[in-house]
Amino acid sequence: NSQLISLEGLSQLREIEGNVRIERSDSLRSLQGLHLVQNIQQRFTLNTNPSLQNLSGLDKLKTVGHNFELSNNMSLETLDGLNELEEIGASLYVTSNANLHSINGFAKLHSVANNVSFVDNGALTSFQGLEQLNSIPGYLYVKSNASLISVDGLNSLQSIGTYLHLEKNNTL
């Protein structure tokens with residue numbers, strides 16, 4: 001997918017019954033074209049998209065039926081564009097997004113059915129944006145986020161089902 005620069009040809013999609021997997025799309029800067037999608041019934045994966053700076057284009061996405069995975073998106077700075085996401089039907093994994101400094105796009109996320117993991121997001125300073133999340137049935141795993149100075153944003157969290165793991169967040 002090194003030549004993929006636009007998803008505009010998908011601009012009439014409102015629901016995706018299976019998985020969405022966007023990987024190794026070196027030139028993709030935007031997710032515009034998915035702007036009408038409200039529901040992804042299975043997994044949503046964004047992996048190794050070095051030009052993607054935010055998630056603008058997912059403006060109407062409310063639910064992901066299985067895992068939501070963001071990994072190795074080196075230019076991703078914010079989760080702007082996810083402002084309507086309310087539910088993830090399995091786990092949330094945010095891994096190795098070196099410039100991700102804000103997860104405020106998760107402001108309406110109130111339900112994650114299993115695990116939440118933030119690993120190796122070098123610019124992330126807090127969890128502001130997760131204020132609606134009050135329960136994690138599985139684990140909360142937070143490791144090697146070099147700039148993490150606060151767990152602010154998890155203030156509403158009342159229960160974690162299996163375990164809480166905090167490791168190598170050296171400024172925390």
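Before going into details, it helps to say that this report is about the structure given with it.

What counts as what
Residues numbered from 1 in each chain as written. Predicted model: local features only at pLDDT ≥ 70, side-chain atom pairs only at ≥ 80, totals over all residues. Heavy atoms only, no water. Pairing = 2+ DSSP bridges. Helix = DSSP H or I, 4+ residues; strand = E, 2+ residues; numbered from the N terminus. Axes fitted to C-alpha atoms, helices over the stretch in contact; angles between N-to-C directions. Patch = residues over 30% accessible without salt bridge, like charges linked within 9 Å, V, L, I, M, F, W, Y side chains within 5 Å. Areas by Shrake-Rupley, 256 points an atom, 1.4 Å probe, with all protein chains shown as cover. Salt bridge = Lys/Arg side-chain N within 4 Å of Asp/Glu carboxyl O. Buried < 20%, exposed > 50% of the residue type's maximum accessible area, 1.4 Å probe, protein only. Phe/Tyr/Trp six-rings, centres within 6.5 Å; stacked < 30°, edge-to-face > 60°.

Some remarks on the sheet that holds strand 1 (residues 15–16)
Reasoning step 1: In spatial order, the strands read 1-3-5-7-9; together these 5 strands make up an open sheet with parallel pairing. Both outer strands of the open sheet, strand 1 and strand 9 (111–112), are each paired with one neighbouring strand and no more.
Reasoning step 2: In this sheet, strand 3 (residues 39–40) lies alongside strand 1 in parallel orientation, the contact comprising 2 bridges. Paired with Glu 15 across the two strands is Asn 39, which belongs to strand 3.

Some details on the sheet that holds strand 14 (residues 164–167)
Reasoning step 1: Read across the sheet, 7 strands follow the order 2-4-6-8-10-12-14 without closing on themselves; strand pairing throughout is parallel. The open sheet has two edge strands with one neighbour each: strand 2 (20–23) and strand 14. The mean inter-strand angle of the sheet, taken between neighbouring strand axes irrespective of direction, is 0°.
Reasoning step 2: With 4 bridges connecting them, strand 12 (residues 140–143) and strand 14 associate as parallel partners. Within the sheet, the bridge partner assigned to Val 142 lies in strand 14 and is Leu 166.

Here we look at a nonpolar patch on the surface
Reasoning step 1: Taken together, the side chains of Val 151, Leu 164, Leu 166 and Leu 172 define a hydrophobic patch exposed on the protein surface, amounting to about 350 Å² of accessible area.
Reasoning step 2: Topologically, Leu 172 is positioned in the segment after strand 14.
Reasoning step 3: You can call Leu 172 partly exposed: its relative accessible area is 44%.

With respect to the packing of aromatic side chains
Reasoning step 1: If you walk through the whole model with that rule in mind, you get 5 aromatic pairs.
Reasoning step 2: Centroid distance Phe 44 to Phe 68: 5.1 Å. Interplanar angle 35°. Geometry classified as tilted. Taken together, the residues Phe 44 in strand 4 (residues 44–47) and Phe 68 in strand 6 (residues 68–71) connect sequence positions 24 residues apart. Take Phe 44 and Phe 68: they sit in the same class, and that class is buried.
Reasoning step 3: Ring geometry for Tyr 139 against Tyr 163: centres 5.0 Å apart, planes inclined by 15°, an arrangement best described as stacked. Linking Tyr 139 in the loop between strand 11 (135–136) and strand 12 with Tyr 163 in the loop between strand 13 (159–160) and strand 14, this pair joins segments that are 24 residues apart in sequence.
Reasoning step 4: Of the residues examined, Tyr 139 reaches a relative accessible area of 18% and is grouped as buried.
Reasoning step 5: Note on Tyr 163: relative accessible area 38%, which makes it partly exposed.

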